[in-house]
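Spelled out from the first residue to the last, the chains are:
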Amino acid sequence: MFPRAIKQSGRLMPAVALCLLALTPMAWSHAVVTESSLTSEPVKPNHATKVVLFFNSGVELALSRVFLVSKGDVFHPVHIAKGKKAGEMLVDIPPLEPGDYALKYKVFAADGHFTENVIRFRVDNP
Amino acid sequence: MFIQGLANFIDDFLGGLMLISYALIVGSLIWAAWILRVWDRSATGTGAGEPVVTVCVRLLKGGAMTLAAMQGTKLLIKGVLLAATLGDFPLEAYFGTVQFIAGLLRFFLSCGFIYLAGRLSVSPDDRSAWNTAAILTVPLVISGAWLVHGVGRFEHREQLMVMTVIHQLAAAVWVGGVAQLLFLWHSRRTEQAAHQFWPIAITRFGRLGATSVLLLVSTGLPLAVEYIGSLDGLFGTGYGSLVATKAALMAGALYFAYRNHKAGKEWKERGASADLTGKVPYFIEAETFVLVAVLFVAATLSSQPPSVDIKDTTATVSEVAYMFSPRLPKISSPTHEQLLAGEPGRVAVVDKVPSVAATEWSDYNHNISGMFLTGMCLVAMLSYTGRFRWTRYWPVGFIGLSIFLFFRSDAETWPLGPIGFWESTFGNGEVFQHRIATLLAFMLGVLELRARTRPDAHRLRYMFPVLSAFGGILLLTHSHAEFELKSEYLIQSTHTAMGLLAVVVASGRWLELRLAAAPVSLQSASSRFDTGQVAGFLSILAMFVIGNFLMFYREPLY
């Protein structure tokens, strides 16, 4: 009975496999930002800023990207560098006009998982 | 985005398969040592006969081949994922990662096991091959330390890595042993030796299983405390809720293990036990469903941020409880125009505006789906009275549900929206998921209806538990954690609970079918139908609770 049932089930396995492939998670999180300098030192208008992000996990810098997102969801790649401590990342933000922005990061954690996330911030008038 | 999502999914799905194949290798070797006693060559040895050892080697080889294939594919998929996510492929940087090096080592080690299993297939008494396999197991187990959460941590890194490796080892002993039992049982038709060895295997595995459970708990608890840290962390994050789900599934598996152990003990004391051949093999099959789900949950855990790292976005226990609290189902929906008007703001990165219409649209879809499922389950429960023949048509509800989903799942696509059917199906990952879920509901309806109404199609009945188990595993491994961790988690909490219940649906129905189909001579006649029917009714009850969750579902505004 058992092998026959399996054989019968096997005919439908391609459909099942398709179902498996279909249910695709859009993002898997592991390396998350636990702290950022954006909260303690807001970005000043029209000044280049170095933002510090603290991750909960080791990050492979060469396999990670950070984008500055401006109004209308326009993406600009920004330069990133390793900080002094483990899990610390330095992000170079160009001079910005007052308004709403976001940093979108895609990082490859030391445990092999990709994380995509967004940190929103505002640049206020002086 | 679609390729990236697909690659991400395959990557994590492979993680579950890799844990299973790892368990098959390590568990088979422990099985060979402890249960089969292949190293015991004394004249009065208690080792198993050659045909039984051959059965073990076949599973060892299968595990090694699967691990090699999965590990190799995972390395490739990870590369595809990198290229799709970053827009280029920094080959050198990828080759330099700990993940790539540890993964490649595991690939070569599994190739070594394939070779050794090949030698053992020809000569099961080859002591040198067994010894080499035992030696190879050490680096295989240790290499796992560089593929777990702990490797990325800054505090207690080494302790966490060691603890996880022991935890994985204990799980492998249990899962691998259960797989060996299953394989041994199904080999008894062709191997008389397997039939004779069956009670010995059950009784010997009792102590080994208990030891592995003890190790699992003693290493799992400190890991949970370190990564979760609080009650809100346990119930208010994806990581915590998956740990809770894993514990619940383990409790279910332990129940089956207890029943098997009890039957083995009875056989040892009295020299016979009706349950040992009448029920135990089917309990082991049901236990396998649960343990496979546990391993997929474990693989998903490795891709979730630990609860202690996301304290700011952790939901409270009361917020989670609110998601499950009953309310009147939403039976009116916003118009299509209202929904589309809020979409650009909802998906924006900057200037994000939550959409009330999208939330209400989703509530309506879930609540009506819940009403379909609840209604079907009530009819299915009625069918257990045996008085109303028409109640066996309850799976028709799945067909109705699939038609509803087809029209409601994706408002922006055909037939309601402007985007064409094929363009939307293959151009958007989320739409693709919904189309397949719709097809799955339709298939479940057609197959189960045919199985319950056509006596000649009884083999099709096994498709229902198989598909339910897959559905449950998908719900358990399908993370929603993206940008809004808390609101996404609140949605995920309901889906995780439904995934857990889907595994109950699958194992209960499987047990019902298997016990009903077992030869009468192998059953303890007095309770033959009771156990199967109770399991079947529990299966429907679990589906009923899923229906209720859906009926009361409310999506957080985000």
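Residues numbered from 1 in each chain as written. Chains lettered and ligands numbered in written order. Predicted model: local features only at pLDDT ≥ 70, side-chain atom pairs only at ≥ 80, totals over all residues. Heavy atoms only, no water.

Going by the annotation in an unreviewed UniProt entry, the name recorded for chain B is Copper resistance protein D, with Methylococcus capsulatus given as the source organism. Its UniProt record gives chain B the following Function (unreviewed entry) comment, quoted word for word: "Involved in copper resistance." The UniProt entry for chain B carries this comment under Sequence similarities (unreviewed entry): "Belongs to the CopD family." (UniProt positions renumbered as here; feature names shortened; annotations may be inferred.)

Named according to an unreviewed UniProt entry, chain A is Copper resistance protein CopC originating from Methylococcus capsulatus.

Draft legend 1. Looking closely at the overall build of chain A. The secondary structure content of chain A amounts to three helices and eight strands. Per-residue burial for chain A yields a buried fraction of 53% across its 126 residues. Here the analysis covers contacts within chain A between residues at least 6 apart in sequence; of these, 57% occur between residues at least 24 apart. Approximately 5800 Å² of chain A is accessible, and the part contributed by carbon and sulfur atoms is 59%. (Helix = DSSP H or I, 4+ residues; strand = E, 2+ residues; numbered from the N terminus. Buried < 20%, exposed > 50% of the residue type's maximum accessible area, 1.4 Å probe, protein only. Contact = heavy atoms within 4.5 Å. Areas by Shrake-Rupley, 256 points an atom, 1.4 Å probe, with all protein chains shown as cover.)

Draft legend 2. Focus on unusual backbone geometry. Across the junction of Trp414(B) and Pro415(B), the peptide omega takes the value 10°, indicating a cis bond. Looking at the element boundaries, Pro415(B) is found in the loop between helix H15 (396-408) and helix H16 (421-427). Phi at Asp73(A) is positive, roughly 55°, even though this residue is not glycine. Relative to the helices and strands, Asp73(A) resides in the loop between strand E3 (59-70) and strand E4 (74-78). Given a relative accessible area of 26%, Asp73(A) falls into the partly exposed group.

Draft legend 3. Examining the nonpolar core more closely. One finds Leu36(B), Trp130(B), Trp174(B) and Trp198(B) to be the most contacted residues of the largest nonpolar core, which totals 95 residues. Judged by nonpolar contacts, the second largest core, of 31 residues, contains Leu373(B), Leu447(B), Leu501(B) and Leu550(B). (Core = buried A, V, L, I, M, F, W, Y, C linked by side-chain atoms within 4.5 Å.)

Draft legend 4. Highlighting H15(B). A rise of 1.5 Å per residue sets the reference length of H15(B), with its 13 residues, at 18 Å; its end C-alpha atoms lie 19 Å apart and thus fit the reference within 8%. Every buried residue of H15(B) is listed here: Gly397(B), Phe398(B), Ile399(B), Leu401(B), Ser402(B), Phe404(B), Leu405(B) and Arg408(B). (Expected span 1.5 Å × (residues − 1).)

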